[in-house]
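Breakdown of the fold
As a plain string of letters, each chain reads:
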Amino acid sequence: MKSARAVAHTNIALVKYWGKRESSPADLNLPAVGSLSLTLDRLRSETTVAPADQDSFHLNQEPASGEVAAKVLRHLDRVWQAAGHAGARPTCEVRSHNYLPTAAGLASSASGFAALTLAAAAAFEYDPGRPALSALARRGSGSAARSLWGGFVRLDRGVLPDGSDCRAYPLQPQSFWDVRLLIVHTEKGPKAIGSTAGMQRSRDTSPYYGPWVDTSEADLAAAEAALAARDLPVLGDILEHSCFKMHACMMASRPPIVYWRGATLDVIHAVWRLRAEGLRGYVTSDAGPHVKVLCAEDQAEELAVRLRAVPGVHAVDVVGPGPDPTVEVS
Ligand code: 2P0
């Protein structure tokens, strides 16, 4: 094997993924719905996979153990198996560094598993092309499948039981549309529940889960058309609808899944008030209390200043569309 280093950027879903379909084996990690995302500039994971005497995983220069390290090593096994090499996987040293906002609250699993998949595949001299690597990254984390490209990306739900058609593909490159995403960090409380367990609870108990799944394809088609037309108000309307529908589905689970805090709602209302004043921002939010706001480049700074003044807001990062991942082999 070789040594390889990959850099992949994180992404935020504009049309959301929430829920998994049954699969065998379960670790195929097949989403129940497709999703559409924007890959972000600057916010990234850099991961090196190199031969070593024993397996190890360092995250941000600290040795990691337990389930965190086990998930990474299981993913190396998947990549090795996919590569079809004879014999046991060589032992590896994995080092990963996340460049994500210091206030945290932004999941590293998307950029992390994308970078790990690319670095491991290159280290194992396996090059099936990015679409197949996207399907492999999905098995580490659903959102990671989308971080195999920069710009705007779609992950299809797929229909095949082996998940081979459940992979992402680029819709528009980084240079297509100079939008901004504001990441508005609000007060954090204890995390309601992890995404994987939360999705399962919603599927098993939320009366809104069926309608959520049934209506997502229409949102994807409409969002893709609005994106192609660079129509911010129409795309904004769809991304808010997808976000609120997902959170309604979560909240109607038993027990309820509520990721939002008071400040989350205060920011959402502030964005809507500012929109009435002509600052066109559109909100989305994931499995946490922070709010992300999509807006035009020429209104981003003013919106950021106004949102920093909302009580409960700790920081606002302004981020643009991000690039494709890169891989270096040595
Ligand atoms: C998304 N989220 O589309 C949605 C919106 C959270 C809310 O993808 O179980 O870490 O590893 O496949 O990808 C977060 O879930 O979940 C996520 P798994 P993942 O971005």
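Worth saying up front: this structure is predicted, and the values here are computed from it rather than measured.

1. Some points on the overall build of the protein
A tally of regular secondary structure across the protein gives 8 helices and 14 strands. A compact globule built from 330 residues should have a C-alpha radius of gyration of about 20 Å, and the protein, at 19 Å, falls within 12% of that. Referenced to the eigenvectors of the C-alpha coordinate spread, the extents of the protein come out at roughly 65 × 40 × 40 Å. The burial tally for the protein puts 46% of its 330 residues in the buried class. Sequence separation of 24 or more characterises 75% of the internal contacts of the protein that already satisfy a separation of 6 or more.

2. Quick word on the site of the ligand
Around the ligand sit 15 residues, and of these A13, Y17, S141, G142 and S143 come closest. Grouping the constituent residues of the shell around the ligand by class yields 5 nonpolar, 8 polar and 2 charged. Structurally, the shell around the ligand is a two-domain feature, drawing no fewer than three residues from each of domain 1 (4-176) and domain 2 (179-319).

3. Focus: the sheet that holds strand β12 (residues 291-296)
Read from one edge of the open sheet, 4 strands run β11-β12-β10-β13, paired in antiparallel fashion. Each edge of the open sheet is held by one strand with a lone partner, namely β11 (282-284) and β13 (313-319). Along the sheet, successive strands turn relative to each other by an average axial angle of 25°, direction set aside. In the sheet, β11 pairs with β12 via 3 bridges, with the strands oriented antiparallel.

4. A closer look at the domain arrangement of the protein
Accessible area lost when the parts come together is the quantity often used to give the size of an interface. Domains assigned within the protein are domain 1 (4-176) and domain 2 (179-319). Computed over C-alpha atoms only, the centres of domain 1 and domain 2 are separated by 23 Å. Domain 1 puts 24 residues into the contact, and the matching count from domain 2 is 32 residues. Mapped onto the side of domain 1 that touches domain 2, the elements with two or more residues apiece are β1 (4-15), β4 (35-51), β8 (152-155) and β9 (168-172). No other element matches the 6 residues that β4 contributes to the side of domain 1 that touches domain 2. Across the side of domain 1 that touches domain 2, the residue classes tally to 15 nonpolar, 4 polar and 5 charged.

5. Focus: the UniProt feature "domain: Mvd1 C-terminal" (unreviewed entry) in the protein
Here, UniProt's "domain: Mvd1 C-terminal" (unreviewed entry) annotation points to residues 182-309. Helix makes up 59% of residues 182-309 and strand 11%, and the two end C-alpha atoms of the span are 14 Å apart.

6. Considering the nonpolar core
Core analysis: the largest hydrophobic core is formed by 90 residues, its most contacted members being A119, L182 and V293. A per-element tally of this core places helix α2 (residues 109-123) first, with 11 residues. Counting the residues that make up this core, at least three belong to each of domain 1 (4-176) and domain 2 (179-319).

7. Quick word on helix α6 (residues 232-251)
Under the 1.5 Å per step criterion, the end-to-end length of α6 is 28 Å for 20 residues, consistent within 8% with the ideal 28 Å. What α6 keeps buried is the set L235, G236, I238, L239, S242, C243, M246, H247, C249 and M250. Down the axis of α6, the buried set is contained in an arc of 170°. They therefore lie on one face. Where the residues of α6 are buried, they touch β1, α4 (195-205), α5 (209-228), β11 and β12.

8. Here's the deal with the packing of α5 against α6
With their axes 9 Å apart at the nearest point, α5 and α6 run at an angle of 165° to one another. Classified by the angle their axes make, α5 and α6 are roughly antiparallel. For the pair α5 and α6, the crossing hand works out as left-handed. Two secondary-structure elements touch here, α5 through Y209, W212, D219, A222, A223, A226 and L227 and α6 through V234, L235, I238, L239, H241, S242, K245, M246 and C249.

Conventions and cut-offs
Residues numbered from 1 in each chain as written. Predicted model: local features only at pLDDT ≥ 70, side-chain atom pairs only at ≥ 80, totals over all residues. Helix = DSSP H or I, 4+ residues; strand = E, 2+ residues; numbered from the N terminus. Rg over C-alpha atoms; globule rule 2.2 N^0.38 Å. Buried ≥ 20, exposed ≤ 12 C-beta atoms within 10 Å, placed from the backbone. Contact = placed C-beta atoms within 7 Å. Near = placed C-beta within 6 Å. Nonpolar A, V, L, I, M, F, W, Y, C, P; charged D, E, K, R; others polar. Domains from an automatic or database assignment. Pairing = 2+ DSSP bridges. Axes fitted to C-alpha atoms, helices over the stretch in contact; angles between N-to-C directions. UniProt positions renumbered as here; feature names shortened; annotations may be inferred. Core = buried A, V, L, I, M, F, W, Y, C linked by C-beta atoms within 7 Å. Expected span 1.5 Å × (residues − 1). Arc of directions from axis to C-beta. Parallel < 35°, antiparallel > 145°, perpendicular 65-115°, else oblique. Left-handed = near helix turned anticlockwise from the far one by under 90°.

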